[in-house]
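Examining the three-dimensional arrangement
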Amino acid sequence: MTDASTTPVPSVPDDVTAASAGVPPEREVLTWETFGVAARELAEQVVASGFRPEVVVAVARGGLLPGGAVAYALGTKGVGTLNVEFYTDIGQTLTDPRVLPPLMDTSDLPGAHVLVVDDVADSGRTLALVMEMLSTHGAEARSAVLYTKPRTIIQPDYSWKDTDLWITFPWSADPPVAGAQARPND
């Protein structure tokens, strides 16, 4: 188990510093409409490469919607999730990413073609953890993300767009609804 304290992420985009100075940060904004286009284009990259995943693993929470959309676009019915906690706020992370329950059943993974889908490869540490886990379970895994940041420690096999900006995703643009469980640091 890793330390639950938060640490700053190196090379936080300048927009975070600007935000603390009262200047609205420049952001990459993904709309619902563009998300649909992005998911299909990501699936087209996978098909064009010749890789045919039998299972799509969505990295929760950010990869849940992209994972489902890409699985539909690929016609892949085998879908699993791995819940990995790393970011606790803008530019703040745990010391190391950690897998949270419930755990995915990995008994059918040896020899399977698996596509791991997440929203962004920012530091790349979450993606690296998931890829290593699947490799140790005997899966032939490849990775797909909507966005890749230049500082990532792992280059995804498929990526829709490169950016160094903080990204506003349509599913996390608004705070939780009134009365919902508060997120850490809220």
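In the nomenclature of an unreviewed UniProt entry, the chain is known as Phosphoribosyltransferase of Cellulosimicrobium composti.

As for its placement among the helices and strands, Ser143 is situated in strand 7 (residues 140–148). The exposure class of Ser143 is buried, given its relative accessible area of 1%. Sequence-distant contacts of Ser143, that is, excluding residues within four places in its chain, are made with Leu115, Val116, Leu127, Met131, Pro156, Asp157 and Tyr158.

Relative to the assigned elements, Gly138 resides in the loop between helix 4 (125–136) and strand 7. For the pair Gly138 and Pro110, spaced 28 residues apart in the sequence, the C-alpha separation amounts to 4.0 Å. Ignoring sequence-local partners within four residues, the contact set of Gly138 consists of Leu109, Pro110, Gly111 and Ala112.

One pass over the full model with this rule turns up 6 aromatic pairs. Centroid distance Phe35 to Trp171: 5.2 Å. Interplanar angle 75 degrees. Geometry classified as edge-to-face. In this pair, Phe35 is assigned in helix 2 (residues 32–49) and Trp171 in the segment after strand 9 (166–168), connecting sequence segments 136 residues apart. For Phe35, a relative accessible area of 8% puts it in the buried group. For Trp171, a relative accessible area of 23% puts it in the partly exposed group. Each ring, one from Tyr147 and one from Trp160, has its centre 5.7 Å from the other, and the planes form 85 degrees; the classification is edge-to-face. With Tyr147 in strand 7 and Trp160 in strand 8 (residues 158–162), the pair connects residues that are 13 residues apart, well separated along the chain.

This next bit is on unusual backbone geometry. Only a minority of non-glycine residues have a phi that is not negative, and only a minority of peptide bonds are not trans. Between Ala60 and Arg61 the backbone carries a cis peptide bond, its omega angle lying at 10 degrees. Among the structural elements, Arg61 can be located in the loop between strand 3 (55–60) and helix 3 (64–74).

Definitions and cut-offs
Residues numbered from 1 in each chain as written. Predicted model: local features only at pLDDT ≥ 70, side-chain atom pairs only at ≥ 80, totals over all residues. Heavy atoms only, no water. Helix = DSSP H or I, 4+ residues; strand = E, 2+ residues; numbered from the N terminus. Buried < 20%, exposed > 50% of the residue type's maximum accessible area, 1.4 Å probe, protein only. Contact = heavy atoms within 4.5 Å. Phe/Tyr/Trp six-rings, centres within 6.5 Å; stacked < 30°, edge-to-face > 60°.

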